[in-house]
Amino acid sequence: MERLTPGGVAGVAVYRFAAHETAVLAASLAPASALATAAAGRPARATWRLADDACDDVLVVARADGAIEVHAHGGLAIEAAALATFGLTAPSPPNAAMRLARTAIGRAQLELAIEQLGHDFAAELARLAESPLPARRVAVAAALARSQVAVALAVPAPVHLIGRQNAGKSTLFNALLGRERALAGPTAGLTRDVVAESVVLDGYPYVLHDHAGEGLADDAADAAAIARSRAARRDGLRLLVVDGMRGPDAADRLLAADAAVVVASKGDGPAARWPADVPCAGRCAAASGVVAGLQQSIGGWLRAARGLPPAGRVGGFAALDDRELAALRALVVAAG
Ligand SMILES: Nc1nc2c(ncn2[C@@H]2O[C@H](COP(=O)(O)OP(=O)(O)OP(=O)(O)O)[C@@H](O)[C@H]2O)c(=O)[nH]1
Ligand SMILES: [Mg+2]
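In this report, the structure presented in the accompanying data block is examined. This structure is a prediction, so every number in the text was calculated from the model and none was measured.

Let's talk about unusual backbone geometry
Following A30, the chain continues into P31 via a peptide bond in cis, with omega recorded as 5°. Among the secondary structure elements, P31 is positioned in the loop between β3 (29-30) and α2 (34-39). Located in the positive-phi region is D202, a residue other than glycine, with phi close to 50°. Turning to its location among the elements, D202 is positioned in the loop between β8 (195-201) and β9 (204-210). The exposure class of D202 is buried, given its relative accessible area of 17%.

The structure is reproduced here in structure tokens:
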């Protein structure tokens, strides 16, 4: 028997039983048909009696891999009797879907985790491995396409707010987080250290980085801050913030060349002329304090730049991390 919930006194304790334990388990359940009902795909309510003084109302559930779960109440008497009857095996390591369910931030991540918990990744892989190669190729290609979206939903992507000093990066950073995390203000070069925080934008998770601005380096500390920022933003998506009341200059044009998204800040003020050859996703007014709308629009621009669909379920089993992706790809690579 494996205990899926942490030990202790709780409202719910979930125990998982391997095939060789089900005969003993069946004998302790009333009605005796509970196990067969669960095995047929219908969760069954039952009374679990392991000893005269250890009795609980439980739910019996069969998982896709054939294992049986008993959802009990976590009382000390039933826990002690279950341990005495079945012993405790070491918990199996959580798969990516379980880890995501525990750490999900935002509704879309949770929906994806619940969807993927409905698929037994190892069992689906084993089933695919048995299928003829042409059908396997088609199924793996479809799963990899879903996985591209699933990984984007499960694994936060780094986003770097870059731009000229005073462009409005830190103000935008704070507005997207919905709190005053970084210092912002009219002093050029105010931000020196890179500050990173997690945030959900338009349903997708990101680690948002606020950076030192590009511009004059009055002293060694400014120069070090700019150099450190340039090194730290090499990987990930760069979101260029251009002062929308001034418009892009030569330095902005250089930064725009390898930015995923360019936005014009200070959208509550008069807009500067914007040259047609500098791409601009849109204007934002971070100082206005409308967090939800800002998250939606910046998230939407990032999503469009990444070619991702609206966040949510992906419609089938998918890999959620590099290890699962590699296992999926290996199904066709090994077969040539
Ligand atoms: N009106 C208006 N002012 C803004 C907006 N966003 C930023 N500002 C102002 O622009 C100035 C610079 O803002 P910051 O967010 O500190 O700029 P930054 O890009 O982080 O600057 P550095 O840290 O020096 O690189 C501040 O005085 C802000 O109040 C906005 O949406 N509207
Ligand atoms: Mg700043």
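Some thoughts on the pairing of strand β11 (residues 261-264)
Where burial is concerned, the two faces of β11 agree: the one with V261 and V263 and the one with V262 and A264 are both buried. Alignment of strand β10 (residues 237-242) against β11, held across four bridges, turns out to be parallel. Within β11, the position partnered with L239 by the bridge is V261. A crossover connection joins β10 to the parallel β11 through helix α10 (residues 250-256); in handedness this β-α-β unit is right-handed. Two strands pair when backbone bridges link them, and β11 and strand β12 (residues 282-283) are joined in this way by two bridges, in the parallel orientation. Bridge pairing links V263 to G282 in β12.

Some words on the coordination of the magnesium ion (ligand 2)
At 2.0 Å from the magnesium ion (ligand 2) lie its protein donor atoms, namely S170 (OG) and T191 (OG1). Taken together, the residues span a long stretch of sequence, with S170 in helix α8 (residues 169-177) and T191 in the loop between α8 and β8 at a distance of 21 residues. Per residue, the accessibility class of S170 equals that of T191, and both read buried.

Focus on the sheet that holds strand β5 (residues 54-62)
Sheet architecture is open: six strands sit in the order β1-β2-β6-β5-β4-β3, paired in antiparallel fashion. Across the chains shown, the open sheet's two edge strands, defined by having one partner strand only, are β1 (2-3) and β3. Direction of pairing for strand β2 (residues 13-17) relative to strand β6 (residues 68-72): antiparallel, over a ladder of five bridges. Bridging from a neighbouring strand, R16 pairs with E69 of β6. Packing of helix α3 (residues 76-86) onto the sheet brings it into contact with β1, β2, β4 (44-51) and β5, and relative to β4 it is tilted by some 75°.

Reading the values: the criteria
- Residues numbered from 1 in each chain as written.
- Chains lettered and ligands numbered in written order.
- Predicted model: local features only at pLDDT ≥ 70, side-chain atom pairs only at ≥ 80, totals over all residues.
- Heavy atoms only, no water.
- Helix = DSSP H or I, 4+ residues; strand = E, 2+ residues; numbered from the N terminus.
- Buried < 20%, exposed > 50% of the residue type's maximum accessible area, 1.4 Å probe, protein only.
- Pairing = 2+ DSSP bridges.
- Right-handed = clockwise from strand over helix to strand, strands pointing away.
- Donors = N, O, S within 2.8 Å, 3.2 Å for Na, K, Ca; no water.
- Contact = heavy atoms within 4.5 Å.
- Axes fitted to C-alpha atoms, helices over the stretch in contact; angles between N-to-C directions.

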